[in-house]
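# Structural overview for review
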Amino acid sequence: MKEEIQTLRQKALEEIPICKNLKELESLRIKFLGRKSKLSFLLSQIGQLSKEQRPVIGNLLNQSKKEIEKQIAVKKEALLIVKQKKSKIKREIDVTLPGRPVEVGAKHPLFQVWEEIEDIFISLGFEIAEGPEIETEYYNFDALNTPEWHPARNLSDTFYLKNGMLLRTETSPVQIRVMEKYKPPIRIIAPGRCYRNDKPDASHSPVFHQFEALVVDVGITFADLKGTLDSFVKRLFGDKTHSRFRPHFFPFTEPSAEIDILCINCNGKGCKLCKNTGWLEMGGAGMVDPKVLEEVNYDSEKYTGFAFGLGIDRITMLKYGISDIRILFRNDLRFLEQFV
Ligand code: DAH
């Protein structure tokens, strides 16, 4: 009898783990533990055994019964989990449901313009240069011939850091970094972020974007500056516009000028955008001051160069008719979604 019970137990413990579904499991339960099962039959026979055999066989039977019950419970749990998962998967791939739209992001308008500017200058034979946003006073001011007393160096205009460095106030220091590293001919633009201690309003932001252009070679003249700038603004805003210069002062150029372009809104007739002047202010330019060339050990008798700096935010605003610079930095999706 002992052997019979062992075989029975083993059979149950082999068959239960490999059964495939709850229905099969239920028939196994009936087969091994049901009223008409062998186990039930053997249990009913215990009374007829000898006094010595009764506790041994009884124990064995009860233990086997418990073990089989436990196996069935464990298997049931596992099958239920599989069933739940299956029904979930079925729900997830319900092909009758309408598709979920895939949200596509887009480049910020500022960076769309940034890249367009780069493309134009690359096609004119320029290279793209970069410099750090955290600068030294030397690169931001001294090397650019900006004297100690210059108002731009004022604490109220420049963000100085505790370690004596500063947040660059313009992209012009990249001129120095490039010239220190390479010999002429130089033909670069350096787009990047700049910082000034300005109170934000519709046309000022403490963080803004500029790009610097620098060309140095033998025989570079003001005519090259004019020609380069003019072809750039035409490529950017269309053939109808052109540039003009107004005399100005910058420490690192001589002569210096401010750049205007013919108003892209009214073509010079006068409108709200150009405050009835017919012209839009775009930035600064000039011939690189010989002092700057000498600072980087270029022979200022041999080489001449021109430089200019324009605002990328300003260009973006003009291009898209944006009247408040702050909206470029607010991350408002209602604004940004218009540029997808
Ligand atoms: N760095 C000047 C500014 O932020 C702009 C500028 C003027 C850049 C003249 C130049 C330049 O390269 O030649 O106001």
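Scroll up to find the structure.
What you are looking at is a predicted structure, and each value in this text was computed from that prediction instead of being measured.

Here we come to the overall build of the chain. Scanning the chain for helices and strands turns up eleven helices and nine strands. By its C-alpha atoms, the chain is 125 × 45 × 40 Å across when sized along the principal axes. Buried residues in the chain amount to 41% of all 340 residues.

Interhelical geometry of helix α1 (residues 2-18) versus helix α4 (residues 53-92) gives an angle of 5° and a closest axis separation of 10 Å. Compared by their axis directions, α1 and α4 come out roughly parallel. Along the contact surface, α1 presents Lys2, Ile5, Arg9, Ala12, Leu13, Ile16 and Pro17, while α4 presents Val56, Ile57, Leu60, Leu61, Ser64, Glu67, Ile68, Gln71, Ile72 and Lys75. Of the residues belonging to the contact of α1 with α4, the class tally is eleven nonpolar, two polar and four charged.

Each aromatic ring pair is summarised here by two numbers: the centre-to-centre distance and the angle between the ring planes. The final tally for this structure, using the stated rule, is 14 aromatic pairs. The interplanar angle of 5° and the centroid separation of 6.2 Å between the aromatic rings of Phe306 and Phe308 together place this pair among those described as stacked. What makes Phe306 buried here is its relative accessible area of 1%. Note on Phe308: relative accessible area 2%, which makes it buried.

The next thing to look at is the site of the ligand. In the region of the ligand, 15 residues are neighbours, and Glu170, Ser172, Arg196, Gln210 and Glu212 sit closest. Arg196 is positioned such that a nitrogen or oxygen atom in its side chain is 2.9 Å from an oxygen atom of the ligand. Measuring from an oxygen atom of the ligand, one finds a backbone N or O atom of Phe308 at 3.4 Å. Isolated, the ligand exposes 350 Å² of accessible area, and the fraction of that covered by the protein chains is 91%. Counting only elements with at least two residues in the shell around the ligand, the list comes to β5 (207-217), β8 (279-288) and β9 (304-311). The residue inventory of the shell around the ligand, partitioned by class, reads five nonpolar, seven polar and three charged.

What follows covers the sheet that holds β5. The seven strands are arranged β1-β4-β5-β9-β8-β7-β6 in an open sheet whose pairing can be described as mixed. In this open sheet, the two edge strands, each paired with only one partner strand, are β1 (127-128) and β6 (243-250). Both strand β7 (residues 253-262) and β8 contribute to a ladder of eight bridges, which runs antiparallel. Looking at the pairing, Leu262 lines up with Trp279 of β8. Sitting on the sheet, helix α5 (residues 109-123) is in contact with β1, β4 (186-195), β5 and β9, with an inclination near 165° to β4.

Axis separation between helix α8 (residues 222-237) and helix α10 (residues 312-320) bottoms out at 11 Å; the angle between their running directions is 40°. By the criterion of interaxial angle, the relationship of α8 to α10 is oblique. Contacts from Phe232, Leu236 and Phe237 of α8 reach α10 at Ile315, Leu318 and Lys319. Partitioned by chemical class, the residues of the contact of α8 with α10 number five nonpolar, no polar and one charged.

Moving on to the pattern of salt bridges. Scanning the model with the defined rule gives 17 salt bridges in all. The closest approach of N and O atoms between Glu15 and Lys31, which form a salt bridge, is 2.9 Å. Here the residue Glu15 occupies a position in helix α1, and Lys31 occupies one in helix α2 (residues 22-33), the gap between them amounting to 16 residues. The exposure class assigned to Lys31 is partly exposed, which follows from its relative accessible area of 42%. Across the pair Lys234 and Asp230 runs a salt bridge whose closest N-O atoms are separated by 3.2 Å. In this pair, Lys234 and Asp230 both sit in helix α8, four residues apart, roughly one turn of the helix. With relative accessibility at 18%, the residue Asp230 sits in the buried group. Each of the salt bridges in this network shares a partner with another, and the network as a whole consists of Arg244, Arg246, Glu258, Asp260 and Glu281.

Thresholds applied
Residues numbered from 1 in each chain as written. Predicted model: local features only at pLDDT ≥ 70, side-chain atom pairs only at ≥ 80, totals over all residues. Heavy atoms only, no water. Helix = DSSP H or I, 4+ residues; strand = E, 2+ residues; numbered from the N terminus. Buried < 20%, exposed > 50% of the residue type's maximum accessible area, 1.4 Å probe, protein only. Axes fitted to C-alpha atoms, helices over the stretch in contact; angles between N-to-C directions. Parallel < 35°, antiparallel > 145°, perpendicular 65-115°, else oblique. Contact = heavy atoms within 4.5 Å. Nonpolar A, V, L, I, M, F, W, Y, C, P; charged D, E, K, R; others polar. Phe/Tyr/Trp six-rings, centres within 6.5 Å; stacked < 30°, edge-to-face > 60°. Near = heavy atom within 4 Å. Polar contact = N/O pair within 3.5 Å; in protein donor to acceptor, adjacent residues only side chain to side chain. Areas by Shrake-Rupley, 256 points an atom, 1.4 Å probe, with all protein chains shown as cover. Pairing = 2+ DSSP bridges. Salt bridge = Lys/Arg side-chain N within 4 Å of Asp/Glu carboxyl O.

All we've got here are geometric facts, nothing functional implied.
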